[in-house]
Amino acid sequence: MKLKNQLNLLATFITAIPCACIIFLSINSYLRSRNRLLLEGSEQVRALDSSNMTEADFNLFIKNVQLLPHDVEIALIDNFSGLIITSSMKELPMNAIVSQWELYLIMGSNSDSYFYQFTTLKTRTLNSTMITRVPRKRSPPARNKILFRILYIFIILIISSCIIIIVRLSATINKSIKTIVDETKAIAGGDLSSKIEFDPEKANEITSISESIEKMRESLVEAQNQKSKFIMGISHDLRTPVAVIKGYTEAISDGVISEPDEIKNAMELITQKSGQLENMIDTLINYTKMNSIELRQTMKTQSITDFITEIIQEEKTTGAVFKRNIITNVNFEKDVLVPFDKMLARRVFENLFNNALRYTKDNDTITLTSYIKDSSVIYKISDTGIGIEQKDLKNIFQMFYRGTNSRREEGMGIGLSVVDNIIKTHGWKIQVESNKNEGTSFTVIIPY
């Protein structure tokens, strides 16, 4: 269940408990109120006090009075003669005569046991007083007892259910939070070895963070591996020119190389290796910059079609200098604007073209194609060079990876990794197809 729904349920059931108690107290107070103990119609009787009634109204009233509950007693007494017209009180039998003094004595002797109510009734022929009394410790009717019992059970069930659900929801939320805390503590402590398990079927907003944490852990593990490979690659590629420079320097210093021509040749080789070392360091610095946030924020919306047209024209000129047959096929039916960084995009196309030059021979063919298809600008560069072995294809974009056919070439194996990084930074895609001794084809897909 989603955390939002859990919190909503928790708030609902927390609110339900006091609401249920308020409802119970209100019903209980109403059922036990003194107004409930009085006669039905007593409000109307009070309103009739000191008013005139017709004989028909009075007779109807007497009939209604006789239908009162058994524990509500009534007596109707004539004010002039003291005649008890009707009565359900054993102390005041019907047709008996009672004086006011006797009436007060009877009421006084029973005042601890009953509540009394007096109402004066007047008609054309009769001036009378109606006395009603209710036991002070009146037992509620049987239906009230049943109602109270049902109400008690209902309230207890509601409160018990609310408490159980609140406890379970609180435990679930607490467990989810504790899981996240434990996982983040482990990662913060440097433990990246344990895979974070989570059940998608029981996921909520908290536990779903586990999935993100697991992805973060995998990224950190990958970053550590990349770091190790980066250090190993740098160490391996920098070791060769450094060893050459160091060896020839020591040979000159120790007098092993003493002839002027030999010293000159050694110095030229040292200069060459120093330049190579400088280029390698510059490449590493540029690759590090490629991952910076500042560089990713330099994209500007501009014409990608004009840019590709310009790049292909430059590549056509360069290819002719290197004695390659350059075939171009550019077909843009409209101008397309996309956000991109010109410097970074130029490195992509130059790197792909330079690879095509490197792995082809004189008079080989390089085909440059670009067009619009399915809301994307397509740039494709194909050559008829030595190609890439199938086992190397899936690894060519990895940093420092050098395929079987490129190990004799100078370089650090960073070029295609830089291309892949720039492509991903722009949200583009790159595809490669190749067969050994048949050539290679790279396709850049630029959505708009």
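Everything numeric here is computed off the predicted structure, so don't read it as measured data. (Residues numbered from 1 in each chain as written. Predicted model: local features only at pLDDT ≥ 70, side-chain atom pairs only at ≥ 80, totals over all residues. Heavy atoms only, no water.)

1. Brief notes about helix α10 (residues 304–321)
Okay, so step 1: The end-to-end C-alpha distance of α10 is 26 Å, a good match for the 26 Å that 18 residues give at a rise of 1.5 Å each.
Okay, so step 2: All of the buried residues along α10 are Ile304, Thr305, Phe307, Ile308, Ile311, Ile312, Glu315 and Gly319. Projected onto a plane normal to the axis of α10, the buried residues spread over an arc of 150 degrees and lie on a single side. Of the exposed residues in α10, the ones pointing more than 90 degrees away from its buried face are Ala320 and Val321.
Okay, so step 3: Downstream of α10 by a residue or two, lysine 323 has a phi angle that is positive, lying close to 60 degrees. (Helix = DSSP H or I, 4+ residues; strand = E, 2+ residues; numbered from the N terminus. Expected span 1.5 Å × (residues − 1). Buried < 20%, exposed > 50% of the residue type's maximum accessible area, 1.4 Å probe, protein only. Arc of directions from axis to C-beta.)

2. Concerning helix α11 (residues 342–358)
Note that an α-helix has 3.6 residues per turn; residues three or four places apart therefore point the same way.
Okay, so step 1: With 17 residues, α11 should reach 24 Å at 1.5 Å per residue; the first-to-last C-alpha distance of 24 Å fits that figure.
Okay, so step 2: Capping of α11 at its N-terminal end is provided by aspartate 341; its side-chain oxygen lies 3.0 Å from the backbone amide nitrogen of methionine 343. (Polar contact = N/O pair within 3.5 Å; in protein donor to acceptor, adjacent residues only side chain to side chain.)

3. What to know about the packing of aromatic side chains
Okay, so step 1: Scanning the model with the defined rule gives five aromatic pairs in all.
Okay, so step 2: Between phenylalanine 307 and phenylalanine 340, the aromatic rings sit 5.3 Å apart at their centres with planes inclined by 55 degrees, giving tilted as the arrangement. With phenylalanine 307 in helix α10 and phenylalanine 340 in strand β8 (residues 337–340), this residue pair connects regions lying 33 residues apart in the sequence. The burial state of phenylalanine 307 is the same as that of phenylalanine 340; both residues are buried.
Okay, so step 3: Within the aromatic cluster, the residues linked to one another by ring pairs are Phe307, Phe340, Phe349, Tyr379 and Trp428.
Okay, so step 4: The ring centre of tyrosine 114 lies 3.9 Å from the NZ or CZ of arginine 133, which sits over that ring. (Phe/Tyr/Trp six-rings, centres within 6.5 Å; stacked < 30°, edge-to-face > 60°. Lys NZ or Arg CZ within 6 Å of the ring centre and 35° of its normal.)

4. Structural notes on the sheet that holds strand β9 (residues 365–373)
Okay, so step 1: Overall, mixed pairing links the five strands, which are arranged β7-β9-β10-β12-β11 in an open sheet. Strands at the two margins of the open sheet, each flanked by one partner only, are β7 (325–331) and β11 (429–435). For this sheet the average axis-to-axis angle between neighbouring strands, irrespective of direction, equals 10 degrees.
Okay, so step 2: For β7 and β9, the ladder comprises seven bridges, and the chain directions are parallel. By the bridge assignment for β9, asparagine 329 is matched with threonine 369.
Okay, so step 3: Lying over the sheet, α10 contacts β7, β9, β10 (376–383) and β12 (439–447), oriented at roughly 165 degrees with respect to β7. (Pairing = 2+ DSSP bridges. Axes fitted to C-alpha atoms, helices over the stretch in contact; angles between N-to-C directions. Contact = heavy atoms within 4.5 Å.)

5. Observations concerning the pattern of salt bridges
Okay, so step 1: Summed over all chains, the structure comprises eight salt bridges.
Okay, so step 2: For the salt bridge of glutamate 91 with arginine 133, the shortest nitrogen-to-oxygen distance reads 2.8 Å. With glutamate 91 in the loop between β3 (84–87) and α5 (100–109) and arginine 133 in strand β5 (residues 127–135), the pair connects residues that are 42 residues apart, well separated along the chain.
Okay, so step 3: In this structure glutamate 91 comes out as partly exposed when scored by relative accessible area, which is 25%.
Okay, so step 4: The exposure class assigned to arginine 133 is buried, which follows from its relative accessible area of 1%.
Okay, so step 5: In this structure, glutamate 389 engages lysine 436 in a salt bridge whose closest nitrogen and oxygen atoms are separated by 3.1 Å. A residue pair is termed long-range when its members are at least 10 positions apart, and glutamate 389 in the loop between β10 and α12 (390–393) and lysine 436 in the loop between β11 and β12 qualify at 47 residues.
Okay, so step 6: Overall, the relative accessible area of 16% leaves glutamate 389 in the buried class.
Okay, so step 7: When its relative accessible area of 45% is taken as the criterion, lysine 436 is described as partly exposed.
Okay, so step 8: Overlapping salt bridges, with partners in common, bring together Glu310, Glu314, Arg346 and Glu350 in one network. (Salt bridge = Lys/Arg side-chain N within 4 Å of Asp/Glu carboxyl O.)

6. Section: the nonpolar core
Okay, so step 1: Counting residues in hydrophobic clusters, the biggest one holds 38 residues, and the most contacted among them are Ile304, Ile308, Leu352 and Ile381.
Okay, so step 2: Contributing elements (two or more residues each) for this core: α10, β8, α11, β9, β10, α13 (415–426) and β12.
Okay, so step 3: With eight residues, the top contributor of residues to this core is α11.
Okay, so step 4: The residues contacting isoleucine 308, other than those within four sequence positions of it, are Phe332, Phe349, Ser370, Val377, Tyr379 and Ile446.
Okay, so step 5: By size, the runner-up hydrophobic cluster in this structure holds 10 residues, among which are Ala75, Met89, Leu92 and Leu103. (Core = buried A, V, L, I, M, F, W, Y, C linked by side-chain atoms within 4.5 Å.)

7. Topic: the confidence of the model for the protein
Okay, so step 1: Across the protein, the average pLDDT comes to 76, with 71% of residues at 70 or higher.
Okay, so step 2: Here helix α3 (residues 42–47) is the element of the protein with the lowest mean pLDDT, 44, and β10 is the one with the highest, 93.
Okay, so step 3: In the model, residues 34–51 has pLDDT below 50 throughout and makes 24 contacts with residues more than four positions away in sequence or in other chains. (pLDDT = per-residue confidence, 0-100.)

8. Points about the packing of α10 against α11
Okay, so step 1: One way to put it is that α10 packs onto α11 with a least axis distance of 11 Å and a crossing angle of 30 degrees. Handedness of the crossing formed by α10 with α11: right-handed. Facing Phe307, Ile308, Glu310, Ile311, Glu314, Glu315, Thr318 and Gly319 of α10, the residues of α11 in contact are Lys342, Ala345, Arg346, Phe349, Glu350, Phe353 and Leu357.
Okay, so step 2: Partitioned by chemical class, the residues of the contact of α10 with α11 number seven nonpolar, two polar and six charged. (Left-handed = near helix turned anticlockwise from the far one by under 90°. Nonpolar A, V, L, I, M, F, W, Y, C, P; charged D, E, K, R; others polar.)

9. Focus on unusual backbone geometry
Excluding glycine, most residues fall at negative phi; most peptide bonds, likewise, are trans.
Okay, so step 1: You will see that lysine 323, though not glycine, has its phi angle at about 60 degrees, which is positive.
Okay, so step 2: Mapping lysine 323 onto the fold places it in the loop between α10 and β7.
Okay, so step 3: On the basis of relative accessibility, which here comes to 55%, the residue lysine 323 falls in the exposed class.
Okay, so step 4: Positive phi is not limited to glycine here, since aspartate 374 has a value of about 50 degrees.
Okay, so step 5: As for its placement among the helices and strands, aspartate 374 is situated in the loop between β9 and β10.
Okay, so step 6: Owing to a relative accessible area of 66%, aspartate 374 belongs among the exposed residues under this scheme.

10. Side note on a nonpolar patch on the surface
Okay, so step 1: A cluster of nonpolar residues, Trp101, Tyr104 and Leu105, forms a patch on the protein surface that exposes about 400 Å² of accessible area.
Okay, so step 2: When you line up the elements, tryptophan 101 lands in helix α5. (Patch = residues over 30% accessible without salt bridge, like charges linked within 9 Å, V, L, I, M, F, W, Y side chains within 5 Å. Areas by Shrake-Rupley, 256 points an atom, 1.4 Å probe, with all protein chains shown as cover.)

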